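A closer look at the structure
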Amino acid sequence: MSFVEYSELIQEGDVAIIFLGHDSMFPLMVQSGAQTQTRYGVIRHSTDLIGRRYGSKVTCSKGGWVYVLHPTPELWTLNLPHRTQILYATDIANITMMLELKPGSVVCESGTGSGSLSHAMLRTIAPTGHLYTVEFHQQRAEKATEEFREHKVDHLVTVLNQDVCKDGFGVTGVADAVFLDIPSPWEAVGHAKSAMKRQGGRLCSFSPCIEQVQRTCAALAEHGFGEICTLEVLLRLYDVRAVSLPLPDFGPDDPSRTDPGVPDRAGPSVPTNTAVTCRTAIAPREMAGHTGYLTFASKSLV
Amino acid sequence: TALSSIHLPFPNTSTLLVDERFIIKDGDFVVLQRGDVYKAVQIQKKRKVIFEKQWFFLDNAVGELYGSTFEVASGGSLQPRKSKHPEIPAEVKESGMDNRNIVDDGRSQKLTRDDIETLKEQGLKGQEIVQQLVENSTTFRDKTEFAQEKYIKKKKKKYENIITILKPSTRILALMYHGREPGKICHLRYDTLAQMLTLGNIHAGSKVIVFETCAGLVLGAVMERMGGYGSVIQMYPGGGPTRAATDSFGFPEHFHRTLHEFPLCKVKALLAGTLSPDEEGKDSVDGPAAEHLDTTAGQLASSANEQRKERDAEDSSPEGMESSSAQEKKVKMEEKRKKLSAAAALLQGRNADGLVVASRFHPCPVLLTLLRFVAPSRPFVVYCQYREPLIECYSKLREQGGVINLRLSETWLRHYQVLPNRTHPVLLMSGGGGYILSGTTIDDSASASGPQKAEEPAPKRIKLQETVA
């Protein structure tokens, strides 16, 4: 297993995702001899997990069952322990495409936070790229380092515990892309520019507040960035359900007259139905209305 | 990686060693940009290109850095813009407080269309024309500073003629197709494509099945994210896969070794195990195949034809001519058979790492059939311009089983204008970008131990479970 490469069978030391049912999952570290409690009973790692195929159904001690899934950055994002507010797949997907990330890309990121975006970027830039990620909080930097090692991606990433606004990313002239998710991104624009390759690159800044966006855009323009563009993307989920709509009763038909005045949905000779079922996509009561504004720009030599 | 030296634009005086990938070369596939308009072309010396009502040659672009900007000079040659032109001076001479006294009678600009044409003929640059327009506008000095800025921006957009040459990428091509020819890509908006690539966990080293009728844009996007590692099997309807957009990515040659294709019409045989070696050769590539002609096969066919003609011309005897063309055909058929075999072998294991579908075909049968080639615990993503077919897919998959985390979604996209005291969302917004159904496969074949009592509402967020050794 690796977050950047699929494998077929579950092995000791893997991080697997246990799926219990709709919207119910959790990660676990596979260890020989270990046991994990779930509401369906106990999972015994040695007998139930190790050597079995990812995607298998595992029956727990109380009789219920779960599925064991191969980790992906998207599943990790939904299940990781939060140390900060994180980015979700919707924003991550756009950031990845707009920064033109691909295998071999060199990326600088700050702040590392809980590592949600970091894992997604590592997946995209593997096997030949590299991620330099800067986190000014010591414990978070350490936790991130530990997770990258457990997830077998540490060879692709360098974690720096410093303040990007003061000390930059620790590298210059190497990055194809820079990502900023910090309180004052305008203070890091200069460092971002020098971390990027001289012949150009892409930048993204994520900010929840429009005032931050304004200051960042101004700083980007001052530093000679082009193609400055700010957007937001929101996820709309739909629940697919069969709904039943009752039919009104207008009273019995008059057999002596054919009066087209009263519309009868069922038609002339159909027995009275009390309801009609249709399968439809229902929007949830509430949706995420805002995560943050994404500002993109290009550094160009010319 | 090969390096080349390049002279930096004025006012730098140094040369820079850059990776060759960043330098425009003859034969490269590039994207021309002017403002919001993009066009994908191939650099071919001495070949005229039309873009935004202008004809020009791309010869002068060769040797420059990607991202360089040019102006079209008379005669159709590109002039590199070596220095950043100074902007129209920011200090404003005169401006008004509001528009209460400005009457729009269409007569405030004193220059006529002919006057402007004359200026253009005299060789005035775009910026100079804008300057002239400003000076000849009677209402300009009454406008507010903001209105003046807006006016200048608008005129610049019309008269300034700066063309940028970009290196193709999913971002740029997806933007281009969505703006220019959305019909060709089933109205797939670029952020929706971004979702598909991420939800599908497309990455180097995996084996992905793609079925699309988006001119090859989705295929190209998948290939870009795979970086030439792993393999992609493109399923195609009709005679051959369309890859016009894929070519525009300008992938290096070795990427094409990871690309396979397999015809839909042979899928049933493959699943039943009845795909015979003889049948494999009978695929009709040369037959009329509507708009689905394989561009590469087409090129191969035409170059093979050329070679054949040459050989025929040299060879005087009729028997010689016949045997050489029959030979040609045999070689082609054998190649086709080998390729089909290779694709079949990749599919046969039923262990693909992912499935991406984006087509004008009804997604249900496509998804239900092609999912059979995907390994358990792998993601799949289906795009559809409309919601109802995906609702049907969702229901059918629920009935059939074998998938979890089914999700029907769409994304909302909004751009912003960010200017001091003038920040707001842009006035026009995309009405829709299509819908996505995604999920993860699982292995349902193990015997179930009775119904799960899983209908209790799940807790909001599961904490990391305690593991006891």
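Quantities reported herein were computed from a predicted structural model and do not represent experimental measurements.

All right, on to the packing of aromatic side chains then. On inspection of all chains with the given rule, the structure shows seven aromatic pairs over all chains. On the numbers, 6.2 Å between centres and 55 degrees between planes, the contact of Tyr 238 of chain A with Tyr 435 of chain B is tilted. With Tyr 238 of chain A in strand β12 (residues 226–246) and Tyr 435 of chain B in strand β17 (residues 435–441), this residue pair bridges two chains. Of the two residues, Tyr 238 of chain A and Tyr 435 of chain B, both sit in the buried class. Measuring from centroid to centroid gives 5.1 Å for Phe 249 of chain B and Phe 251 of chain B, while their planes differ by 10 degrees, and the two rings are stacked. When sorted by exposure, Phe 249 of chain B lands in the same class as Phe 251 of chain B, which is buried. Here a set of aromatic residues connected by ring pairs shows up, and it is made of Phe 249, Phe 251 and Phe 255 of chain B. Geometry around Trp 65 of chain A places Lys 57 of chain A over its ring, the cationic atom sitting 4.2 Å from the centre. The ring of Tyr 6 of chain A carries Arg 378 of chain B above its face, with NZ or CZ at 4.0 Å from the centroid.

Here we take up the sheet that holds strand β7 (residues 69–72) of chain B. Residues and elements named next belong to chain B. In spatial order, the strands read β4-β3-β9-β7-β8; together these five strands make up an open sheet with antiparallel pairing. A strand with exactly one partner marks an edge of an open sheet, and here the two such strands are β4 (37–42) and β8 (78–80). Strand after strand, the sheet turns through a mean of 35 degrees between neighbouring axes, direction not considered. Here strand β3 (residues 29–34) pairs with β4 via six bridges, running antiparallel. Within β4, the position partnered with Phe 29 by the bridge is Gln 42. Of the strands in this sheet, β3, β4 and β9 (162–166) are in contact with helix α4 (residues 170–180), which crosses β4 at around 115 degrees.

With that settled, consider the pattern of salt bridges. Pairing is possible between side chains of opposite charge, provided their charged atoms come close. One pass over the structure, following the stated rule, counts 24 salt bridges over all chains. In this structure, the salt-bridge partner of Arg 171 of chain B is Glu 100 of chain A, at a minimum N-O distance of 2.7 Å. Highlighted residues: Arg 171 of chain B in helix α4 and Glu 100 of chain A in the loop between α3 (89–98) and β7 (106–110), drawn from two different chains. For the salt bridge of Lys 157 of chain B with Asp 36 of chain B, the shortest nitrogen-to-oxygen distance reads 3.9 Å.

Residues and elements named next belong to chain B. On the secondary structure map, Leu 188 appears in the loop between α4 and α5 (190–199). By relative accessible area, Leu 188 is classed as buried at 1%. As for Leu 188 and Gly 433, which are separated by 245 residues in sequence, their C-alpha atoms are 5.7 Å apart. Not counting residues up to four positions away in its chain, the partners in contact with Leu 188 are His 178, Leu 193, Met 196, Val 218, Tyr 383 and Gly 433.

All names here are of chain B. Relative orientation of the contacting elements helix α2 (residues 126–135) and helix α3 (residues 145–159) amounts to 140 degrees, with a least axis distance of 9 Å. When the axes of α2 and α3 are compared, the pair comes out oblique. The crossing of α2 and α3 is right-handed. Side by side, α2 and α3 meet where Gly 126, Ile 129, Val 130, Leu 133 and Val 134 of the first sit next to Tyr 151, Ile 152, Lys 155, Lys 156 and Tyr 159 of the second. Partitioning the contact of α2 with α3 into residue classes produces seven nonpolar, one polar and two charged.

What follows covers the sheet that holds strand β6 (residues 65–69) of chain A. By way of backbone hydrogen bonds, the strands of a sheet pair with one another, either parallel or antiparallel. Residues and elements named next belong to chain A. The sheet built from four strands is open, its strands ordered β2-β1-β6-β5 with antiparallel pairing. Strand pairing shows two members of the sheet lacking a second neighbour, β2 (24–29) and β5 (57–59), which therefore form its edges. Between one strand and the next, the sheet's axes are offset by a mean angle of 35 degrees, whatever the strand orientation. With six bridges connecting them, strand β1 (residues 15–21) and β2 associate as antiparallel partners. Of the residues in β2, the one forming a bridge with Val 15 is Met 29.

Contact residues are listed per partner, giving 82 residues for chain B and 83 residues for chain A. Two residues, Asp 444 of chain B and Lys 57 of chain A, come together in a salt bridge whose shortest N-O distance is 3.7 Å. Our count for the contact surface shared by chain B and chain A stands at 20 residue pairs in polar contact (both at pLDDT 80 or more). Ranked by the residues each element gives to the side of chain B that touches chain A, the list is headed by strand β15 (residues 403–417) of chain B, at 12 residues.

On to the domain arrangement of chain A. Residue and element names in this part refer to chain A. One can read the domain layout of chain A as domain 1 (15–71) and domain 2 (76–234 + 289–299). On a C-alpha basis, the centres of domain 1 and domain 2 stand 33 Å from each other. Residue-level contacts link six residues of domain 1 with five residues of domain 2. Summing the contributions of domain 1 and of domain 2, the shared interface buries around 460 Å²; its carbon and sulfur component is 71%.

Residues and elements named next belong to chain A. Here the bond from Ser 110 into Gly 111 is cis, since omega is 0 degrees, no more than 30 degrees from zero. Looking at the element boundaries, Gly 111 is found in the loop between β7 and α4 (116–125). Note the cis peptide between Ala 126 and Pro 127, where omega equals 0 degrees. Structurally, Pro 127 is set in the loop between α4 and β8 (130–134). In this structure, Asp 23 is a non-glycine residue whose phi angle is positive, near 60 degrees. Inspection of the secondary structure assignment puts Asp 23 in the loop between β1 and β2. Look at Asp 23 and you get exposed, because its relative accessible area is 57%.

Definitions and limits used
Residues numbered from 1 in each chain as written. Chains lettered and ligands numbered in written order. Predicted model: local features only at pLDDT ≥ 70, side-chain atom pairs only at ≥ 80, totals over all residues. Heavy atoms only, no water. Phe/Tyr/Trp six-rings, centres within 6.5 Å; stacked < 30°, edge-to-face > 60°. Helix = DSSP H or I, 4+ residues; strand = E, 2+ residues; numbered from the N terminus. Buried < 20%, exposed > 50% of the residue type's maximum accessible area, 1.4 Å probe, protein only. Lys NZ or Arg CZ within 6 Å of the ring centre and 35° of its normal. Pairing = 2+ DSSP bridges. Axes fitted to C-alpha atoms, helices over the stretch in contact; angles between N-to-C directions. Contact = heavy atoms within 4.5 Å. Salt bridge = Lys/Arg side-chain N within 4 Å of Asp/Glu carboxyl O. Parallel < 35°, antiparallel > 145°, perpendicular 65-115°, else oblique. Left-handed = near helix turned anticlockwise from the far one by under 90°. Nonpolar A, V, L, I, M, F, W, Y, C, P; charged D, E, K, R; others polar. Polar contact = N/O pair within 3.5 Å; in protein donor to acceptor, adjacent residues only side chain to side chain. Domains from an automatic or database assignment. Buried area = accessible area lost by both parts, 1.4 Å probe.

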